[in-house]
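In case you want the letters, here they are:
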Number of protein chains: 2
Amino acid sequence: MEVKNKHVVIKHQFEDAPKESNFEIKTGVFSLSVEPGSDDIIVKNLCISIDPYQINRMKSFSSSHHTISFAEPITPGEAIDGAVIGKVVASGNAKFQKDDLVLGVFTWAEYSLVKEGNIIKKIESSEFSLSYHLGVLGFNGLSAYAGFFELCKPLKGEKVFVSAASGAVGNLVGQYAKLLGCYVVGCAGSQKKVALLKEKLGFDDAFNYKEEKDLNSTLKRYFHDGIDIYFDNVGGEMLNAAIANMKAFGRVAICGVISEYTDDTKRASPNMLNIVYKRINIRGFLAADFLNVFEDFSAKTSDYLRTGKLKVIEDVSSGVESIPSAFVGLFNGDNIGKKIINLAEE
Amino acid sequence: MEVKNKHVVIKHQFEDAPKESNFEIKTGVFSLSVEPGSDDIIVKNLCISIDPYQINRMKSFSSSHHTISFAEPITPGEAIDGAVIGKVVASGNAKFQKDDLVLGVFTWAEYSLVKEGNIIKKIESSEFSLSYHLGVLGFNGLSAYAGFFELCKPLKGEKVFVSAASGAVGNLVGQYAKLLGCYVVGCAGSQKKVALLKEKLGFDDAFNYKEEKDLNSTLKRYFHDGIDIYFDNVGGEMLNAAIANMKAFGRVAICGVISEYTDDTKRASPNMLNIVYKRINIRGFLAADFLNVFEDFSAKTSDYLRTGKLKVIEDVSSGVESIPSAFVGLFNGDNIGKKIINLAEE
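These numbers come from a predicted model, not from an experiment.

Calculation rules
Along each chain, residues carry numbers from 1 onward, in the same order as the chain's sequence is written. Both sets of labels track the order of writing: A upward for chains, 1 upward for ligands. Only residues with pLDDT of at least 70 get local features here, since the model is predicted, and only at 80 or more are side-chain atom pairs given and counted; chain-wide, interface and lining totals rely on the full set of residues. Side-chain measures were taken over the full set of non-hydrogen atoms in the model, leaving aside hydrogen atoms and water. Per the convention used, a helix needs a DSSP run of H or I reaching at least four residues, while a strand needs a run of E reaching at least two, with both numbered from the N terminus. A radius of gyration in this sense is built from C-alpha atoms; the matching globule rule multiplies 2.2 Å by the number of residues raised to 0.38. Only protein chains enter the area calculation, which uses a 1.4 Å probe; residues under 20% of their type maximum are buried, those over 50% are exposed, and those in between are partly exposed. In this analysis, two residues are considered to be in contact whenever any of their non-hydrogen atoms come within 4.5 Å of each other. Residue-level accessible areas treat just the shown protein chains as cover; the underlying method is Shrake-Rupley with a 1.4 Å probe. We define the nonpolar core as a collection of buried residues of types Ala, Val, Leu, Ile, Met, Phe, Trp, Tyr and Cys that are connected through side-chain atoms lying within 4.5 Å of one another. The copies were overlaid with a least-squares fit restricted to C-alpha atoms from residues scoring a pLDDT of at least 70 in each copy. Just to be clear on terms, a salt bridge is a Lys or Arg side-chain nitrogen sitting within 4 Å of an Asp or Glu carboxyl oxygen. Summed over both partners, the accessible surface that disappears when two parts come together, traced with a 1.4 Å probe, is what is meant by buried area. For this analysis, a polar contact is any N or O atom pair within 3.5 Å, provided that within protein one partner can donate a hydrogen and the other can accept it, and provided that sequence-adjacent residues contribute only side-chain to side-chain pairs. Lys, Arg, Asp and Glu make up the charged group, whereas Ala, Val, Leu, Ile, Met, Phe, Trp, Tyr, Cys and Pro make up the nonpolar group; the residues left over, Gly among them, are polar. When DSSP locates at least two bridges between a pair of strands, those strands are taken to pair. Disulfides are defined in this document as cysteine sulfur pairs within 2.5 Å. Note on method: axes are straight lines fitted to C-alpha atoms, helices fitted across the in-contact stretch only, with angles between N-to-C directions ranging 0 to 180 degrees.

## Brief notes about the overall build of chain A
Looking only at helices and strands, chain A has 10 helices and 15 strands in total. Against the globule reference of 20 Å for 346 residues, chain A gives a C-alpha radius of gyration of 21 Å, in line with a compact fold. The principal-axis extents of the C-alpha atoms in chain A amount to approximately 65 × 45 × 35 Å. Counting over 346 residues, chain A shows a buried share of 57%. Contacts spanning at least 24 positions in sequence make up 68% of the contacts within chain A whose residues lie at least 6 apart. Just so you have it, chain A exposes about 14,100 Å², and 49% of that area is on carbon and sulfur atoms.

## Thoughts on the nonpolar core
In terms of nonpolar packing, the biggest core is built from 120 residues, with Phe161(A), Tyr230(A), Phe161(B) and Tyr230(B) touching the most fellow members. With residues near it in sequence (within four places) discarded, Tyr230(A) still touches Phe161(A), Val162(A), Ser163(A), Met238(A), Leu239(A), Ala242(A), Met246(A), Arg251(A), Val252(A) and Ala253(A).

## Focus on the relation of the copies chain B and chain A
Between chain B and chain A, the superposition needs a rotation of 180° and an axial shift of 0.0 Å, giving an RMSD of 0.0 Å. Here the copies are linked by what is in effect a two-fold axis. It is Ser269(B) whose C-alpha, among those of chain B, lies nearest the rotation axis, at 2.1 Å. Here 100% of the contact residues of chain B are again contact residues in chain A; the copies associate through an equivalent surface.

## Topic: the pattern of salt bridges
Residue and element names in this part refer to chain A. As enumerated under the stated definition, the model contains 34 salt bridges over all chains in all. Its salt-bridge partner being Asp-204, residue Lys-178 comes within 2.8 Å of it at the nearest N-O pair. Taken together, the residues span a long stretch of sequence, with Lys-178 in helix α3 (residues 170-180) and Asp-204 in the loop between α4 (191-200) and β10 (205-208) at a distance of 26 residues. In this structure, Asp-315 and Lys-339 form a salt bridge, with 2.9 Å as the shortest nitrogen-oxygen distance. Separated by 24 residues along the polypeptide, Asp-315 in strand β14 (residues 314-318) and Lys-339 in strand β15 (residues 338-342) bring together distant segments of the chain. Of the residues examined, Asp-315 reaches a relative accessible area of 17% and is grouped as buried. Residues joined by salt bridges that share partners form a network here, namely Glu-127, Asp-303 and Arg-306.

## Quick look at the interface of chain B and chain A
In this assembly, 35 residues from chain B lie in contact with 35 residues from chain A. Taken over both partners, the interface formed by chain B and chain A buries close to 3,100 Å², and the fraction arising from carbon and sulfur atoms is 63%. Joining chain B to chain A, the criterion identifies 2 salt bridges. Across the chain B-chain A interface, the total number found is 7 residue pairs in polar contact (both at pLDDT 80 or more). Of all the secondary structure elements, the ones that give two or more residues to the side of chain B that touches chain A are β12 (246-254), α7 (258-261), α8 (272-277) and β13 (281-284) of chain B. Counting residues per element, the side of chain B that touches chain A draws most heavily on α8(B), at 6 residues. Among the residues making up the side of chain B that touches chain A, the classes are represented as 22 nonpolar, 8 polar and 5 charged. Alignment of strand β13 (residues 281-284) of chain A against β13(B), held across 3 bridges, turns out to be antiparallel. When the sheet's bridge partners are listed, Asn281(A) is paired in β13(B) with Arg283(B).

## Observations concerning the state of the cysteines
Tallied over the entire structure, the rule returns 0 disulfides over all chains. For the unlinked cysteine Cys152(B), the closest cysteine sulfur is that of Cys182(B), found at 9.9 Å.

## Quick word on the sheet that holds strand β8 (residues 159-162) of chain A
Read from one edge to the other, the open sheet built from 12 strands follows the order β10(A)-β9(A)-β8(A)-β11(A)-β12(A)-β13(A)-β13(B)-β12(B)-β11(B)-β8(B)-β9(B)-β10(B), with strand pairing classed as mixed. Strands with a single pairing partner mark the edges of an open sheet, and in this sheet they are β10 of chain A together with β10 (205-208) of chain B. Strand-to-strand, the axes of this sheet are offset by a mean angle of 15°, without reference to chain direction. Alignment of strand β9 (residues 183-188) of chain B against β10(B), held across 4 bridges, turns out to be parallel. In the sheet register, Ala188(B) faces β10(B), and the bridge partner there is Asn208(B).

Here you go:
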């Protein structure tokens, strides 16, 4: 049986902020049956994770990071791949059966043809909303958990600053930090987001960076005695200001640098003398390096979710057609929390 | 008994590269006897350590780092303090006797009036040249040893890049790295220094950064497969280029950033995406935080000196009058190795 299958491609590589016109929705004919003798798996996609890092795969620059699988350049005209949850429609592979729910690296499409190697795991239980496995219980959650606990080694009472604090990772870092007993301030790009951080997510304080003229003074206002831990999702000027306000032996986890992805002139240029005199430790990291703590992360986070101690913030759009604007919106600050595309019900 | 005592002061704070005219040699009258009832110690200074970090104490900026004792601002008109070795002339303190050799934070002067708290230690044995205790066996050596071994956790065979590699710390880092079995490349600012690194100190390779147009390509030339460890003494563009050339899980120890001390516009602005994707760890550090390994450092380094495995490079001037030009010269790359001022023989 054949169906029409919409998928998203980029028309060409680009260097600046993405525009919807950089993308195209293509429609192909897609067979729902596996060829005899093939071990392919055919998946109907249910929900798609929309993540800022993908921008880096759309630049010509991206080829320099080809040693990291998820940093491989996206080829214009070819289906874009990313984290997706789908349901098996047909399988030539004995490990996967029809109706299995699978999470993996599939295409931004209604249906994907998948190899065993594309599948990260089966989702056995559905205690939580499926989409949680793309966010709070997936790599965003692991980024927050591992970046905060494993890299930053936080202590109760320490002062924590989180940028892009209403984003998919940032909001979780702030909530983990509060659960540990830290003092947590977040920044975000709108009053609505700031209100969410303070009122719903329990941040001690939050500010709208767009309303601040001198980020250095802003951080001094929120952290009189300095910052112990900065969880960085944005880079650029905010990183400079954070480093200027760190305490001695402060730790900076660099999870992402969204302000730099679309404007290479916005690079952070922190005062290195601060880094020396305050013995600051700056570490870039990838959640994929912390699979060893996945079980621990998953168990604790599931518990927090069950007891309502951790709130989940999702921003959901529907349909393949909504992917370009959803992706572009990440760089305009349109999303609040984890950006998800729903394609079909389970 | 009273003597004339020359000492060095700055005339005013300044922000840019130091000039000899920023300094003044003053002559005062100095009593060689301790006042009755005082526990002061009077020291005749024998040799003085000239270190780049002092520039940061001469800037108005310096006050922001006042929590670190050796970063305290230098007051114009008042004697500058720094690491000095001297001989006790008179003592009101029972712990110190006439003719004791003491290392401490004394003034850039012929004689210093010293409190017990200014003395870091007595030098009991003089197996080595006294000045070694200011360099290879002192805080420069500890910076190299702790920054390399404790922070960077080097493995035999790893690829190490050292900037300011003929400087007081850099030359030791390179030699320690070679003794461990690393591949070591250094950069310096003259052909003479490059020759020293390759021919006398055993570096695998070295280059004159002033002759290179594109440091990024330069480092690619010396490190085809990337850099495991970058020991940074300069900051600025070299740090950018090093980060662009790091391997995954590369480590960067920031010991100093001399290129940035005298020109705030030269700040490093590394590509943060490299830091994330390569999971680079950047750490600023101070040797003073590693006094726990001093014994180990001192024992191993003394052994290396005895067996001739470690070479000592000193650049010596004589007399208080030579201090301003010696200090200014640090920022012009005039010195090769540890800059020492000899004032008197033991």
